Amino acid sequence: GCIVVDRQYTDPFEAVDQGEFNDGSFSEGSDLQISNGWVRGDIGPVRDFDAAANDSYGYSDGSYSSVTVTAYDAQDRMGMLIVDLNGGDIRTARAGTYRFGALSTDTVDGATPNITGCSEGSDSFYDAPATDGTIVISDVPEGRQVDVEATLPTESGMGETQATGSFVIARE
């Protein structure tokens, strides 16, 4: 997760076991192969961000999934989106559009979605959970396409910005 604010995130590299059982179910914890990551939009003080991911990783243990997509643009600014599903597995969730926000949240097959936006500029660090947004899960030939839209609070908390991201989870 983000390292710019003193906040505890699950470390997806602490997977206990890798792989898939013969019956098609997943083992205790599995790293996810993430590709085609992209981050764009306004993330805190970093505005007009638009870059392909330099680093993407994910983890799922069947009851918790987390994917982090990190990109650096031509100005060497960092933009990051973290997509978490608490109580579910993003690999097996039903394809569809899921909305979340302060007043109501669609569950993703019973799991609670959350998006966190992080950025780093020449003199700024930002890390905040989205106040609302959308997660769209669809199946594509390469695997599982996930597109996210997130409304993030400004640094002062008095306004909002929009960020989007996408990535593909490879078929296992």
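Preceding block: the structure.
In this report, we go over the structure that sits alongside the text.

1. A look at the pairing of strand β10 (residues 143-153)
Point 1. Most of β10 sits inside the fold, with 9 of its 11 residues counted as buried.
Point 2. Across 9 bridges, the pairing between strand β9 (residues 132-140) and β10 is antiparallel. Looking across to β10, one finds that Val-140 is bridged to Gly-143.
Point 3. Between β9 and β10, which follow one another and run antiparallel, lie 2 residues.
Point 4. Bridge count between β10 and strand β11 (residues 160-170): 11 bridges; the pairing is antiparallel.

2. A few points about the nonpolar core
Point 1. Formed by 32 residues in total, the largest nonpolar core has its most connected members in Ile-115, Ile-135, Ile-137, Val-146 and Phe-167.
Point 2. Setting aside residues no more than four positions away along its own chain, Ile-115 makes contact with Leu-81, Ile-82, Val-83, Phe-100, Pro-129, Ala-130, Thr-134, Ile-135, Val-148, Glu-149 and Ala-150.

3. Considering the pattern of salt bridges
Point 1. One pass over the structure, following the stated rule, counts 5 salt bridges.
Point 2. Here Arg-77 ties to Asp-73 by a salt bridge, and the two come within 2.7 Å at their closest N and O atoms.
Point 3. The buried category is assigned to Arg-77, whose relative accessible area is 16%.
Point 4. Overall, the relative accessible area of 11% leaves Asp-73 in the buried class.
Point 5. The closest approach of N and O atoms between Asp-139 and Arg-144, which form a salt bridge, is 3.0 Å.

What counts as what
- Residues numbered from 1 in each chain as written.
- Predicted model: local features only at pLDDT ≥ 70, side-chain atom pairs only at ≥ 80, totals over all residues.
- Heavy atoms only, no water.
- Buried < 20%, exposed > 50% of the residue type's maximum accessible area, 1.4 Å probe, protein only.
- Helix = DSSP H or I, 4+ residues; strand = E, 2+ residues; numbered from the N terminus.
- Pairing = 2+ DSSP bridges.
- Core = buried A, V, L, I, M, F, W, Y, C linked by side-chain atoms within 4.5 Å.
- Contact = heavy atoms within 4.5 Å.
- Salt bridge = Lys/Arg side-chain N within 4 Å of Asp/Glu carboxyl O.

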